[in-house]
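# Examining the three-dimensional arrangement
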Amino acid sequence: LAAASREIVFNLLTLQKPEPEREGVVALENERGEKLTLRYDGNRLQADVERVPITDSKMVPVWGDSIYRLKLKAKAPMAEGTCTVRIEAASSAAR
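Throughout, residues of each chain are indexed from 1 in the direction in which the sequence is written. Only residues with pLDDT of at least 70 get local features here, since the model is predicted, and only at 80 or more are side-chain atom pairs given and counted; chain-wide, interface and lining totals rely on the full set of residues. Side-chain metrics in this entry use all non-hydrogen atoms of the structure; hydrogen atoms and water are not considered.

### Description of a nonpolar patch on the surface
Think of a patch as exposed residues, more than 30% relative accessible area, with no salt bridge, where like charges cluster within 9 Å and nonpolar side chains (Val, Leu, Ile, Met, Phe, Trp, Tyr) cluster within 5 Å. Exposure was quantified through the Shrake-Rupley algorithm and a 1.4 Å probe, taking into account, for residues, occlusion by the shown protein chains and nothing else. Any Lys or Arg side-chain nitrogen located within 4 Å of an Asp or Glu carboxyl oxygen qualifies as a salt bridge. A cluster of nonpolar side chains, contributed by Leu15, Met59, Val62 and Trp63, occupies part of the molecular surface with about 370 Å² of accessible area. Secondary structure elements are taken from DSSP: a helix is a run of H or I of four residues or more, a strand is a run of E of two residues or more, and numbering for both begins at the N terminus. Mapped onto the fold, tryptophan 63 is located in helix H1 (residues 60–63). Relative accessible area decides the class of each residue, using a 1.4 Å probe on protein chains only: under 20% of the type maximum gives buried, over 50% gives exposed, and in between gives partly exposed. Classification of tryptophan 63 as partly exposed rests on a relative accessible area of 42%.

Here it is, written out as structure tokens:
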């Protein structure tokens, strides 16, 4: 970036609702009950969850009436750096 920006956002779309557990950790679960843990740098990013309605009638039979957007937004302006996002099986995330 030419200048520091707070408008840095990583978007992830999921079928099931993500559940922020604490700063830096979001729980994910699929329709079969399989659990995943998403980990991110909670010092640099903030997690927000947004429901996105599905309005295309051809997509509703496959995706249902909505999906969820998990937004990881910069807490402070950044011009450079590294942000790591890890998605792990919940059983291995406890390590």
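This is not the end of the story, as more comes after the structure.
### A word on the side chain of threonine 14
Relative to the assigned elements, threonine 14 resides in strand S1 (residues 9–14). Side-chain atoms alone can form a polar contact between residues adjacent in sequence; in general such a contact is a pair of N or O atoms within 3.5 Å, and within protein one must be able to donate a hydrogen while the other accepts it. Within the structure, the side chain of threonine 14 is placed 2.6 Å from the backbone oxygen of glutamine 16, a separation counted as a polar contact. Non-local contacts of threonine 14, meaning those with residues more than four positions away in its chain, are made with Leu28, Ile67 and Tyr68. Contacts between residues were defined by any pair of non-hydrogen atoms, one from each residue, lying within 4.5 Å.

### Overview of the nonpolar core
Judged by nonpolar contacts, Val26, Leu28, Leu38, Tyr40, Leu45, Ala47, Leu70, Leu72, Ala74 and Met78 together constitute the single largest core of 10 residues. Looking at this core, the elements that each hand over two or more residues are strand S3 (25–29), strand S4 (35–40), strand S5 (45–53) and strand S6 (66–74). Counting residues per element, this core draws most heavily on S6, which supplies three residues. Joining through side-chain atoms within 4.5 Å is the link that ties buried Ala, Val, Leu, Ile, Met, Phe, Trp, Tyr and Cys residues into a set, and such a set is a nonpolar core.

### Structural notes on the pattern of salt bridges
Counting across every chain of the model gives 11 salt bridges. Measuring nitrogen to oxygen at the nearest pair gives 2.8 Å for the salt bridge that ties glutamate 23 to lysine 75. Of this pair, glutamate 23 sits in the loop between strand S2 (19–22) and S3 while lysine 75 sits in the loop between S6 and strand S7 (85–89), and the two are 52 residues apart along the sequence. Overall, the relative accessible area of 28% leaves lysine 75 in the partly exposed class. Members of the salt-bridge network, linked through shared partners, are Glu31, Arg32 and Glu34.

### Concerning the sheet that holds S2
By the convention used here, strands pair only if DSSP detects at least 2 bridges between them. The sheet built from four strands is open, its strands ordered S2-S3-S4-S7 with antiparallel pairing. Here the strands that pair on one side only, and so sit at the sheet edges, are S2 and S7. Geometrically, the sheet is characterised by an average inter-axis angle of 30 degrees between neighbouring strands, direction not taken into account. The pairing of S2 with S3 spans three bridges and is classified as antiparallel. Within S3, the position partnered with arginine 22 by the bridge is valine 25. Note on definitions: angles span 0 to 180 degrees between N-to-C directions of axes, and those axes are lines fitted to C-alpha atoms, for helices only across the stretch in contact.

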